[in-house]
Amino acid sequence: METIIETKNLTKSYGKNRGIINVNLKVGRGEIFGFLGPNGAGKSTTIRTLLDFIRPTSGSATIFGMDCQQDTVAIKNRLSYIPGDVSLYGNMTGKRFLEYFGSIRGRYDEDKVRDLSARFDIGLDRKMKEYSKGMRQKVALIQAFMNDPDLIIMDEATSGLDPLVQQTFNDVVKEEVRDGKTIFMSSHILSEVEKVCERVAIIREGSIVAEENVEDLRRKSGKVIEVKFADRVEEESLKALGIGNLSRHNGYYRMTVTGNIQETLQELTARKVADINIHPMTLEDIFMQYYAGGK
Ligand SMILES: Nc1ncnc2c1ncn2[C@@H]1O[C@H](COP(=O)(O)OP(=O)(O)OP(=O)(O)O)[C@@H](O)[C@H]1O
């Protein structure tokens, strides 16, 4: 598979502030790649380095096999970038904004713009500053998709979209990769990327802690069980069950279970249960698991 993005030990130090440390990523053509991490983990720093908005302290990065610093103009001709919030160009209407970006690229596909604005259900006659954040994001998404770029890089561009728009976004993204495009999207919300991305990297405190197929991540990530017992139970007896990450809040024991939960449930329900909740691990739970595993 042709490599579209590759970073080798990419490091950015902001003086005494950590930025990113030895980030190694490889994204192939046609992939929808999710770049996940909590606030301040280093997602934007990585993306801004790829786009040559900032320079790395050490390491290297290539896009389309070209150097991100030396060949940034040639690279940018073939990609679209969407930041988290498009706050500039407030006096332009949505349509003018798109035409402007089309003119920079020397390409403006009116049919595609019409099609995308209908699908994202957004009128383009209002000024950018009069749109809500979500509406501005829709215009930015149209801008990213309309020019037929080879690569789209999004930095938290889908955060805060309502579920209906999110679904449209997922559909559009899947169609676009069928045409051979590659998508690299950062997010701090696992549920936002897991439906659309095939592979994700998780960054924490500037370092990649996991790079996995989403299916594998989900399989490994397991469930969280919160249980309240009707009678007092010995915490030691729960620990003896080998339950991971056992903690207690407001009378509920909370634990993470990977693999088969049947056995754990049987053990727990052998005691008198007053209440029980089972839900998938959050991104934070998964991080905790990676930490506990020493990764
Ligand atoms: N210009 C800067 N000067 C100094 N430190 C910075 C600068 N930009 C980012 N940092 C630091 O680098 C680290 C990574 O920040 P970054 O913005 O890349 O995180 P992020 O994963 O994109 O977070 P968020 O989800 O909050 O946008 C943080 O510790 C942050 O404080």
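Quick summary incoming for the structure in this document. The numbers attached to residues start from 1 for each chain and follow its sequence in the written order. Per-residue local features are limited, in this predicted model, to residues with pLDDT of at least 70; the limit for side-chain atom pairs, both in listing and counting, is 80 or more; totals at the level of whole chains, interfaces and linings are taken over all residues. Hydrogens and water are ignored here; the side-chain numbers use all heavy atoms of the structure.

### Some words on helix H3 (residues 94–105)
- For the purposes of this entry, the term helix denotes a DSSP run of H or I that reaches at least four residues, the term strand denotes a run of E that reaches at least two, and both are numbered from the N terminus. An expected span of 1.5 Å times one less than the residue number is assigned to each helix. Between the first and last C-alpha of H3 there are 17 Å, a value that for 12 residues agrees with the 16 Å anticipated at 1.5 Å per step.
- Throughout, exposure labels follow a simple rule: accessible area from a 1.4 Å probe, protein chains only, divided by the maximum for the residue type, with under 20% read as buried, over 50% as exposed, and the rest as partly exposed. Within the sequence span of H3, burial applies to Gly94, Phe97, Leu98, Phe101 and Gly102. Buried residues of H3, seen end-on, are gathered within an arc of 135° and therefore sit on one face of the element.
- Residue contacts are counted whenever heavy atoms from the two residues lie within 4.5 Å of one another. Among the structural elements, helix H4 (110–119) and helix H5 (133–146) are those in contact with the buried residues of H3.
- After H3 finishes, the residue Gly106 shows a positive phi value of roughly 75°. When we speak of the arc, we mean the arc of directions from the helix axis to the C-beta atoms.

### Quick word on the sheet that holds strand S6 (residues 79–82)
- We call two strands paired when DSSP finds no fewer than two bridges between them. The sheet built from 6 strands is open, its strands ordered S6-S7-S8-S3-S9-S10 with mixed pairing. Edge positions in the sheet fall to S6 and strand S10 (207–213), since each has one partner strand and no second. Taking the axes of each pair of neighbouring strands and ignoring which way they run, one obtains an average angle of 15° across the sheet.
- As judged from the 6 bridges shared by strand S9 (residues 199–204) and S10, these two strands associate in the antiparallel manner. Its bridge partner lying in S10, Ile202 is registered against Ala210.
- Those strands touched by helix H8 (residues 214–221) are S9 and S10, and its axis lies near 105° from that of S10. Fitted lines through C-alpha atoms give the axes, limited to the stretch in contact for helices. The angle between two N-to-C directions lies from 0 to 180 degrees.

### Topic: the sheet that holds strand S5 (residues 66–67)
- Taken in spatial order, the 4 strands line up as S2-S1-S4-S5 in an open sheet, and their pairing is antiparallel. Either end of the sheet is taken by a strand with one partner, and the two such strands are strand S2 (17–28) and S5.
- Pairing analysis gives 2 bridges linking strand S4 (residues 58–63) to S5, with the strands arranged antiparallel. For Ile63, the partnering residue across the bridge sits in S5 and is Met66.
- Relative to strand S1 (residues 3–14), helix H1 (residues 43–50) is tilted by about 115°, and along the sheet it contacts S1, S2 and S4.

### Some remarks on empty space enclosed by the protein
- Throughout, the protein atoms alone are placed on a 1 Å grid, and a set of points is a cavity if a 1.4 Å probe fits but cannot get out or a pocket if it is open with protein on both sides within 12 Å along at least five of seven lines; lining residues have an atom within 4 Å of a point. Grid points are joined across faces, edges and corners, and a volume is the space filled by probe spheres set on the points. This structure, assessed with the given rule, holds 1 cavity of 30 Å³ or more.
- Roughly 30 Å³ of volume is contained in the largest cavity.
- Forming the boundary of the largest cavity are Glu2, Ile4, Arg29, Phe64, Arg78, Asp150, Gly180 and Thr182.
- Ten residues, namely Ala, Val, Leu, Ile, Met, Phe, Trp, Tyr, Cys and Pro, are considered nonpolar, four, namely Asp, Glu, Lys and Arg, are considered charged, and the remaining ones, Gly among them, are considered polar. When grouped by side-chain class, the residues that make up the lining of the largest cavity number 2 nonpolar, 2 polar and 4 charged.

### With respect to the site of the ligand
- As a structural note, the neighbourhood of the ligand is formed by 13 residues, with Gly40, Gly42, Lys43, Ser44 and Thr45 the closest of them.
- Two N or O atoms count as a polar contact when they lie within 3.5 Å, although within protein this holds only if one can serve as hydrogen donor and the other as acceptor, and sequence-adjacent residues are included solely when both atoms are side-chain atoms. The contact in question runs from a nitrogen atom of the ligand to an N or O atom on the side chain of Tyr14, over 3.4 Å.
- Taking Asn39, its side chain carries an N or O atom lying 3.1 Å from an oxygen atom of the ligand.
- The protein chains shown are the only cover counted for residues, whose accessible areas, like all others here, come from Shrake-Rupley with a 1.4 Å probe. When the free accessible area of the ligand is taken as 630 Å², the share hidden by the protein chains comes to 63%.
- Going through the elements one at a time, S2 and H1 are the ones with two or more residues in the shell around the ligand.
- Across the shell around the ligand, the residue classes tally to 3 nonpolar, 7 polar and 3 charged. Only a single heavy atom is needed: when it lies within 4 Å of a molecule or strand, its residue is near that molecule or strand.

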